[in-house]
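Structural overview
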Amino acid sequence: MSDKIEDAAAKPKKKGGLMKKLIMLIGALVLVGGGVGGGLYATGFIPHGTAKAGPEPTGPQLVPKSEQKRFTAAGGGEGGGPAGKAAPSGSGGEKYASNYYAMEKEFTSNLQESVHFIQVGLAISTPYDDTVIANIKTNEIAVRSAILMALSDTTEEQVFSTDGKKQLQLRLAKAINATLKEKEGFGGVGNVYFTNFVVQ
């Protein structure tokens, strides 16, 4: 019976010894790992303070109004409002800057069930950076085709009323965005504007 008591007392001691050895092993690994990491940092294998917080953003980025490119009456570059001064913050308007792009060629299409045809010049605006405009230029043939398809679905009544023209603007923006999403995975066009509008 005394043998059983001795065996029971001996078992916990073995666990305690095993636990101490495990802690010592973990401590040694931490010290070695810290030494290796410190050595790599000191030799320059681990960059010093150049790591950026978070991953690099991809795709089009919204442009805050404060970063909008502005042009002065004298043809000046990127200053703010008049005489290159920045517009005061909170001065109203939209939160994001508008980036504009005028399509180079005009569009001509027959109207739906009509002998008349429409000829329009278009410009787009986007609150995103130049990525959206670059996507339009890259996919110009597909974008032009989508615009012509939307124009050919336009009725005579729509082109002679202001509300019809506004609806046409929305349809054109939707057609351009759908094409860009299909080709590039992102639309980004906010508005379409008419730079020329002729019905004959």
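Look up: the structure comes first, before these words.
Quick summary incoming for the structure in this document. (Residues numbered from 1 in each chain as written. Predicted model: local features only at pLDDT ≥ 70, side-chain atom pairs only at ≥ 80, totals over all residues. Heavy atoms only, no water.)

**Notes on the nonpolar core**
- Ranked by size, the top nonpolar core spans 26 residues in total, and within it Ile147 and Val189 carry the most contacts.
- Elements that contribute at least two residues to this core include exactly strand S3 (117-126), helix H2 (130-138), helix H3 (140-152) and helix H5 (162-184).
- Aside from chain neighbours lying at most four places away, what touches Ile147 is Met103, Phe107, Leu122, Leu172 and Ile176. (Core = buried A, V, L, I, M, F, W, Y, C linked by side-chain atoms within 4.5 Å. Buried < 20%, exposed > 50% of the residue type's maximum accessible area, 1.4 Å probe, protein only. Helix = DSSP H or I, 4+ residues; strand = E, 2+ residues; numbered from the N terminus. Contact = heavy atoms within 4.5 Å.)

**Examining the packing of aromatic side chains**
- Scanning the model with the defined rule gives three aromatic pairs in all.
- Centroid distance Tyr100 to Tyr193: 6.1 Å. Interplanar angle 55°. Geometry classified as tilted. One end of the pair, Tyr100, is in strand S1 (residues 99-102); the other, Tyr193, is in strand S4 (residues 191-199), and 93 residues separate them in sequence.
- Taking the centre distance of 4.9 Å and the plane angle of 85° together, the rings of Tyr128 and Phe186 count as edge-to-face. In this pair, Tyr128 is assigned in the loop between S3 and H2 and Phe186 in the loop between H5 and S4, connecting sequence segments 58 residues apart.
- Of note, Arg144 hangs over the ring of Phe107, and the distance from its end group to the ring centre comes to 4.1 Å.
- Geometry around Phe197 places Lys165 over its ring, the cationic atom sitting 4.8 Å from the centre. (Phe/Tyr/Trp six-rings, centres within 6.5 Å; stacked < 30°, edge-to-face > 60°. Lys NZ or Arg CZ within 6 Å of the ring centre and 35° of its normal.)

**Overview of the side chain of Asn99**
- By the secondary structure assignment, Asn99 is in strand S1.
- Of the polar contacts made by the side chain of Asn99, one reaches the side chain of Asp130; its length is 2.8 Å.
- Beyond its immediate sequence surroundings of up to four residues, Asn99 is in contact with Ile124, Ser125, Thr126, Tyr128, Asp129, Asp130 and Ile133. (Polar contact = N/O pair within 3.5 Å; in protein donor to acceptor, adjacent residues only side chain to side chain.)

**Notes on the side chain of Thr126**
- Locating Thr126 in the fold gives a position in strand S3.
- Only 2.6 Å separates the side chain of Thr126 from the backbone oxygen of Gly188, close enough to count as a polar contact.
- Residues within four places of Thr126 in sequence aside, it is in contact with Ala97, Ser98, Asn99, Val132, Ile133, Gly188, Val189 and Gly190.

**Describing H3**
- Compared with an ideal rise of 1.5 Å per residue, which puts 13 residues at 18 Å, H3 spans 18 Å between its outermost C-alpha atoms and is within 8% of the ideal.
- The complete set of buried residues in H3 reads Val143, Arg144, Ala146, Ile147, Ala150 and Leu151. Along the axis of H3, the buried residues cluster in a sector spanning 160°; they form a single face. Along H3, exposed side chains directed more than 90 degrees from the buried face belong to Ile141 and Met149.
- Tucked into the core, H3 has its buried residues touching strand S2 (107-110), S3, H2 and H5. (Expected span 1.5 Å × (residues − 1). Arc of directions from axis to C-beta.)

**Here's the deal with a nonpolar patch on the surface**
- A contiguous nonpolar patch, built from Met19, Leu22, Ile23, Leu25, Ile26, Leu29 and Val30 and spanning about 720 Å² of accessible area, is present on the exposed surface.
- With respect to the element layout, Leu22 can be found in helix H1 (residues 2-43).
- For Leu22, a relative accessible area of 43% puts it in the partly exposed group. (Patch = residues over 30% accessible without salt bridge, like charges linked within 9 Å, V, L, I, M, F, W, Y side chains within 5 Å. Areas by Shrake-Rupley, 256 points an atom, 1.4 Å probe, with all protein chains shown as cover. Salt bridge = Lys/Arg side-chain N within 4 Å of Asp/Glu carboxyl O.)

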